[in-house]
Amino acid sequence: MQKDVLKKDVLIETKGVCKRFPEATATTLEEISLQVREGEFVALLGPSGCGKSTLLRIVAGLIPPSSGEVCYRGIRVKGANPKASIVFQSAALYPWLTVQQNVELGLKAQGVPAAERAKRAANLIRVVGLDGYEDAFPKELSGGMRQRVGFARALAVEPELLLMDEPYSTLDPLTAENLRDELLDLWLEERIPLKCILMVTHGIEEAVYMADRIIVLSRNPARVAADIPVRLRHPRDRRSPEFDALVDQVYKTVTGAGLKQTQTPAQQRAVVERSGRYKPLPNAAVNMLAGLLELVDDHGGREDLYTLGGDLLLEVDDLLPITEASELLALANVVEGDLVLTPTGKQFVEADTEERKALFHQRICQLPMFEMVGRVLRAKRNRTMNRQFFSDLLEEQFGPEEVPLQLKTLISWGRYAEMFHYDANAEELYLDEGDRGLLATGSEQ
Amino acid sequence: MLTKSNMAPRRWQADALVAGGLVAALYGLMHLSSFAPDAYTSTAVDLGVRHLPYFAVRSVLRMLAAYGLSLLFTLTYGYVAAYNRRAERIMLPVLDILQSIPVLSFMPSVVLALVALFPRAPHVGQELASIVLIFTGQAWNMTFSYYYSLKSIPAELREAAAIQQMNGWQRLRTLELPSAAVGLVWNSMMSWAGGWFFLMACEMLTLGNSQFTLPGLGSYMQAAANAGDAKAMTFGLSTLIFVIVLLDQLVWRPIVAWADKFKVELVNSGTPPRSVVLTVLRRSQMIEWLSLHIFMPLDEKLDGLVNAWLGRPKDESPGPVRTTFSYVLTAAAGLAVLLGLWKGITLLAQLPLSVVGDLALAAGASFLRVTAAIVIGLAWTIPVGVAIGSNPRLSAYLQPVTQIAASVPATALFPMVLLVLLPLPFGMNWAAVALLLLGTQWYLLFNVIAGASGIPADLKETGAVFQLTRWEKWRTLILPAIFPQLVTGLVTASGGAWNATIVAEYQPFHGAIHKTIGLGATIADATSAGNFPLLLAATIVLAALVVSINRLVWRRLYRLAESRYSLL
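Residues numbered from 1 in each chain as written. Chains lettered and ligands numbered in written order. Predicted model: local features only at pLDDT ≥ 70, side-chain atom pairs only at ≥ 80, totals over all residues.

## Re the overall build of chain A
For step 1, the next point in the chain: Of regular secondary structure, chain A possesses 16 helices and 16 strands.
For step 2, the next point in the chain: Relative to the compact-globule value of 22 Å for 445 residues, chain A shows a C-alpha radius of gyration of 25 Å, a close match.
For step 3, the next point in the chain: Residue burial in chain A is summarised as follows: out of 445 residues, 41% are buried.
For step 4, the next point in the chain: Across chain A, the fraction of contacts at a sequence separation of at least 24, relative to all contacts at a separation of at least 6, is 71%. (Helix = DSSP H or I, 4+ residues; strand = E, 2+ residues; numbered from the N terminus. Rg over C-alpha atoms; globule rule 2.2 N^0.38 Å. Buried ≥ 20, exposed ≤ 12 C-beta atoms within 10 Å, placed from the backbone. Contact = placed C-beta atoms within 7 Å.)

See the structure below:
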């Protein structure tokens, strides 16, 4: 379908779309300008939390952009776009309605008479292979069947534009593959009057398998980092070398987009001093970090991120915080899509538990956030400070939703490093006898 | 979203506004009630047993009217509070305070005020007063439930509604009402049960020289107790229990079972509530035919009409006309509040200084009484509740019994308690504590049962493996495990007890008024004597006391329970 795409009409156009949320000071989306034409299947890829789903909702007209505009067939979108339909991650079925009633919902809202509604719904229920389940309630269905209903509901209104928000991510791999192929069949054989599909996903293979075009977003703020055409012929073979090469290329782009912002602690401190801000801590557990470093060490100190993800059965979204943490702590670096151990990282892998903790403490002391915590605790006569203080301090920068996550990581890392203690009942951070945080770090003197 | 950051800054301003509004409203009520006839006596209650069905119907109709009013209030107030951000800032604190103040303290003035509004037909005013009072006992928890249900509708379900171009009516029908149904039904049931309490209290009221009586089960039982007619008392109580159980089986249980399908869950969990009546209705051929040929087409038609009238959803932005209107409205309301506040303060200024001491004494006495009732309640409900909750066989026998016992409103038993306890030394004091206990113990018991039956088996087994002594087991396992539920029970019990002080400390019986020292007695006394400054002062003290106890004690315990003792 993609051959003559450039001659086709532009369906969606986003012009300099920005989105800021009042709680967070950082922009979520910045200057997103895209054109999507009739007949295109576009995948939106990016690290988790980068704002892919927000962009999808802006295109749908569910959220207004803070600035810029979205046009559909050249007309500015105001309010939910009646030509669009959405398949949600959770299927978002109404639990109190039967399969049939759920599928009929959009038709009912359009005022289609009951008999016509029933006919069209029955047809779509057959298309998604759920005949016989018309009277079932969503809770009686498996996850895959529920998502089929989600597709049927979205397609029942005969939309021009199908928006999908990670539609396969909650399904088991087998069901997901099955559903992907079915949608591709419907789409490629033009059995449904769809003009365009826009899919948000964090599965790189999924994007390469299904889409004609992959748009990669970067994080903090989200910008269009890459626009990669996929010219493989359908049905695509996941084991072919071309497929593999493309997945690898996209992988590098995505990890690059996610990590582009990472700076060395020295640079970071300079930034902090300039703007008074702290670099966000990636939400990574210390044991996962240690596990990843050990794995890289087993592979000789350097390994492809894509392979690592495969070994650990981790999606790029789950892997990214860990690699980010290892870069932040200068235990490893990402070089051309490979994770490479630094000498400190090597030292960390070979150390015993006590030495690891000492080393870890040394590394986190380089981070301004930990430095600040140490300074505050030492400055207090009772060596104790409540959690709320740090929460308030960080809230200005991170916003109320991110702060608990930051503090969770902060406390977990600090506890591992035996830098400070945390009393969960009193919600207080404190220094106890023998805590490493009692000693001032080098940079302060 | 109800986050701390958007609630906190406006909290105190809103509280001050609400408090001012309440004083103003109270002043208005009192002003009105001064026009009530001086001495008024309704027709006496006929104690003939054959009148009981008629009385029962009258009582149920009164409840129905009040419940209808509560539902209407819930649906509008909750909806506006959930969707209008600016209104939410005021409406939520108002609801919170209305929920925690003892509304019965307004009862005497409400009755007098409404009777004064209908000088030609005092019984109409009294009927309205009873409905308003029952309403004030029913509406708040329902409204809160509806508001929170609307607020917690998953974003994706809302987005699905938006992308399918549903208009407001369709959204209400397919998304909002179904999402709120489970909470609304449970809270309706609780409110209905609470309604009996108020009904019994307000059907017969003696204030000074006036006696206000409405034909109903409550007035029948009070009259029977006054006359010492044991047969009438037994028949009255049996009729009441019969009516309560009947309504529970024929109305509430089917509704609860039906509402189960609105649970927002994607897996089948536990045993769903069942109702024989509902199953019979669902299997009935006639009902099915009716629904297929009459109800469904009718519904379709109506739906179509409403949709044609509403049209497609438009871009929703608040117009400037509305804001001007709302400014005018706000200004007018503010003026009325200021005026009422000023009048209220001048009224309070008339009081001699010695009143402060009297009120403090009264408050202390009521506080001790409430505490005593709660402590006695805890002393028996914790061991019994844990025994029932952790023993399924015992629970199977005792649950229905306790449920029926609990369904009898405490106010219906007051006359009988007085009959037994009044002859004792300090009889009225004992009676008052007993009355408070009757009104509060069930909240405690049911929550303890729920807590104890929720203790996970593996925790109990761990206790057995470590051979904990009985005391250690209670200290380390049972008490912490039931703590969150216990706190929930205590909050409700304490609120109920304070509310009940108004009726418990001041009781007309055998032609005389029996009272003790206490805030409730002060309020009832001041109303019947027409001492408005004292009434205002005592009501303010009571409301302030209850709200502060809620904020300072219960809310903290609640947070502790949530953060530390939660089993999830």
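Okay, back to it.
## A few points about the overall build of chain B
For step 1, the next point in the chain: Scanning chain B from terminus to terminus reveals 21 helices and four strands.
For step 2, the next point in the chain: Among the 568 residues that make up chain B, the fraction classed as buried is 40%.
For step 3, the next point in the chain: Expressed as a percentage of contacts within chain B between residues at least 6 apart in sequence, the contacts between residues at least 24 apart total 79%.

## Looking at the nonpolar core
For step 1, the next point in the chain: Membership of the largest hydrophobic core comes to 133 residues, with the highest contact counts inside it found for Val-110, Leu-435 and Leu-436 of chain B.
For step 2, the next point in the chain: Sort the elements by how many residues they give to this core and helix α17 (residues 427-453) of chain B lands first, with 17 residues.
For step 3, the next point in the chain: Ignoring sequence-local partners within four residues, the contact set of Leu-435 of chain B consists of Ala-410, Phe-414, Val-417, Ala-500 and Ala-504 of chain B.
For step 4, the next point in the chain: Formed by 126 residues, the second largest nonpolar core is a distinct cluster that contains Ala-92, Ile-125, Val-254 and Leu-341 of chain A. (Core = buried A, V, L, I, M, F, W, Y, C linked by C-beta atoms within 7 Å.)

## Topic: the environment of Val-384 of chain B
For step 1, the next point in the chain: Note on placement: Val-384 of chain B falls in helix α14 (residues 354-389).
For step 2, the next point in the chain: With 49 residues separating them along the chain, Val-384 of chain B and Val-433 of chain B place their C-alpha atoms 20 Å apart.

## Focus: the interface of chain B and chain A
For step 1, the next point in the chain: With 28 residues of chain B at the interface, the matching set in chain A holds 26 residues.
For step 2, the next point in the chain: When contributions to the side of chain B that touches chain A are tallied by element, the ones reaching two or more residues are α7 (155-163), α8 (168-202) and α12 (285-310) of chain B.
For step 3, the next point in the chain: Take the side of chain B that touches chain A: its biggest share by element is six residues, from α7 of chain B.

## So, the sheet that holds strand β16 (residues 428-430) of chain A
All names here are of chain A.
For step 1, the next point in the chain: The sheet built from three strands is open, its strands ordered β14-β16-β15 with antiparallel pairing. The sheet is open, and its two borders are formed by β14 (384-386) and β15 (421-423), each paired with just one other strand. With direction set aside, neighbouring strand axes in the sheet form an average angle of 25°.
For step 2, the next point in the chain: Across the face of the sheet, helix α15 (residues 387-398) comes into contact with β14 and β16 while running at roughly 60° to β14. (Pairing = 2+ DSSP bridges. Axes fitted to C-alpha atoms, helices over the stretch in contact; angles between N-to-C directions.)

## A closer look at the pairing of strand β9 (residues 213-217) of chain A
Residue and element names in this part refer to chain A.
For step 1, the next point in the chain: Of all five residues in β9, five are buried; the element is thus mostly enclosed.
For step 2, the next point in the chain: Neither face of β9 is exposed, since Arg-213, Ile-215 and Leu-217 on one face and Ile-214 and Val-216 on the opposite face are all buried.
For step 3, the next point in the chain: With five bridges joining them, β9 and strand β10 (residues 224-229) adopt antiparallel strand pairing. By the bridge assignment, Leu-217 is partnered in β10 with Val-224.

## Digging into the sheet that holds strand β12 (residues 332-335) of chain A
Residue and element names in this part refer to chain A.
For step 1, the next point in the chain: Spatially, β11-β13-β12 is the arrangement adopted by the three strands of the open sheet, whose pairing is antiparallel. Looking at which strands have only one partner, the edges of the open sheet turn out to be β11 (302-304) and β12. Neighbouring strand axes in the sheet, compared pairwise and without regard to direction, differ in orientation by 25° on average.
For step 2, the next point in the chain: As paired elements, β12 and strand β13 (residues 338-341) share four bridges and run antiparallel to each other. Opposite Ala-332, over in β13, you have Leu-341 as the bridge partner.
For step 3, the next point in the chain: Strand contacts of helix α10 (residues 305-312): β11, β12 and β13, with the helix running at about 80° to β11, the strand carrying the most contacts.
For step 4, the next point in the chain: Of the strands in this sheet, β12 and β13 are in contact with helix α11 (residues 316-328), which crosses β12 at around 115°.

## Regarding the packing of helix α3 (residues 114-127) of chain A against helix α4 (residues 143-156) of chain A
Residue and element names in this part refer to chain A.
For step 1, the next point in the chain: One way to put it is that α3 packs onto α4 with a least axis distance of 9 Å and a crossing angle of 135°. Here α3 is positioned oblique relative to α4, judged by the angle of their axes. When the axes of α3 and α4 are compared, the crossing they make is right-handed. Of α4, the residues touching α3 (which contributes Arg-120, Ala-121, Leu-124 and Ile-125) are Ala-152, Leu-155 and Ala-156.
For step 2, the next point in the chain: Across the contact of α3 with α4, the residue classes tally to six nonpolar, no polar and one charged. (Parallel < 35°, antiparallel > 145°, perpendicular 65-115°, else oblique. Left-handed = near helix turned anticlockwise from the far one by under 90°. Nonpolar A, V, L, I, M, F, W, Y, C, P; charged D, E, K, R; others polar.)

## Re the confidence of the model for chain B
All names here are of chain B.
For step 1, the next point in the chain: Of the residues in chain B, 90% have a pLDDT of 70 or more, and the chain-wide mean is 80.
For step 2, the next point in the chain: Considering each helix and strand of chain B separately, the mean pLDDT is smallest for helix α1 (residues 4-7), with a value of 34, and largest for helix α3 (residues 52-83), with 91.
For step 3, the next point in the chain: Scoring the predicted complex yields pTM 0.76 and, for the interface, ipTM 0.70. (pLDDT = per-residue confidence, 0-100.)

## Let's talk about the environment of Ala-84 of chain A
For step 1, the next point in the chain: Structurally, Ala-84 of chain A can be placed in strand β6 (residues 84-87).
For step 2, the next point in the chain: Taking the C-alpha atoms as reference points, Ala-84 of chain A and Ile-197 of chain A, 113 residues apart in sequence, are found 9.7 Å from one another.
For step 3, the next point in the chain: Excluding its chain neighbours within four sequence positions, the residues that come into contact with Ala-84 of chain A are Ala-60, Pro-159, Leu-161 and Leu-163 of chain A together with Ile-163 of chain B.

## Observations regarding the environment of Arg-219 of chain A
Residues and elements named next belong to chain A.
For step 1, the next point in the chain: You can see Arg-219 is positioned in the loop between β9 and β10.
For step 2, the next point in the chain: The buried category is assigned to Arg-219, around which 22 C-beta atoms lie within 10 Å.
For step 3, the next point in the chain: Along the backbone, Arg-219 and Thr-28 are 191 residues apart, and their C-alpha atoms lie at a distance of 8.0 Å.

## Remarks on α12 of chain B
An α-helix turns once every 3.6 residues. As a result, residues three or four positions apart point the same way.
Residues and elements named next belong to chain B.
For step 1, the next point in the chain: Across its 26 residues, α12 extends 36 Å between first and last C-alpha, which sits within 8% of the 38 Å expected from 1.5 Å per residue.
For step 2, the next point in the chain: The largest bend in α12 comes to about 45°, at Ser-291.
For step 3, the next point in the chain: Counting buried positions along α12 yields zero of 26 residues, so the element is predominantly exposed. (Expected span 1.5 Å × (residues − 1). Bend = angle between axes of the 7 residues up to and from the residue.)

## Here we look at the packing of helix α9 (residues 286-298) of chain A against helix α12 (residues 343-350) of chain A
All names here are of chain A.
For step 1, the next point in the chain: It is at 10 Å that the axes of α9 and α12 come closest, and there the two elements cross at 105°. Judged on the interaxial angle alone, α12 and α9 are roughly perpendicular. Where α9 approaches α12, its residues Leu-293, Glu-294 and Asp-297 are matched on the opposing element by Gly-345, Lys-346, Phe-348 and Val-349.
For step 2, the next point in the chain: Among the residues forming the contact of α9 with α12, the class breakdown is three nonpolar, one polar and three charged.

## Section: the confidence of the model for chain A
For step 1, the next point in the chain: Taken residue by residue, chain A gives an average pLDDT of 84. The fraction at 70 or more is 91%.
For step 2, the next point in the chain: Low confidence marks residues 259-274 of chain A, where pLDDT is under 50. Its contacts with residues over four positions away, or in another chain, come to 19 contacts.

## Quick look at α15 of chain A
Residue and element names in this part refer to chain A.
For step 1, the next point in the chain: For α15, spanning twelve residues, the distance from its first C-alpha to its last is 15 Å, which sits close to the expected 16 Å at 1.5 Å a residue.
For step 2, the next point in the chain: All buried positions along α15 are accounted for by Phe-390, Leu-394 and Phe-398. Viewed end-on, α15 has its buried residues packed into an arc of 55°, placing them on one side of the element. What points out from α15, more than 90 degrees from its buried face, is the exposed set Gln-388, Asp-392 and Glu-396.
For step 3, the next point in the chain: Packing partners of the buried residues in α15 comprise α14 (368-379) and α16 (403-416).
For step 4, the next point in the chain: Two residues or fewer after α15 comes Gly-399, characterised by a positive phi angle close to 85°. (Arc of directions from axis to C-beta.)

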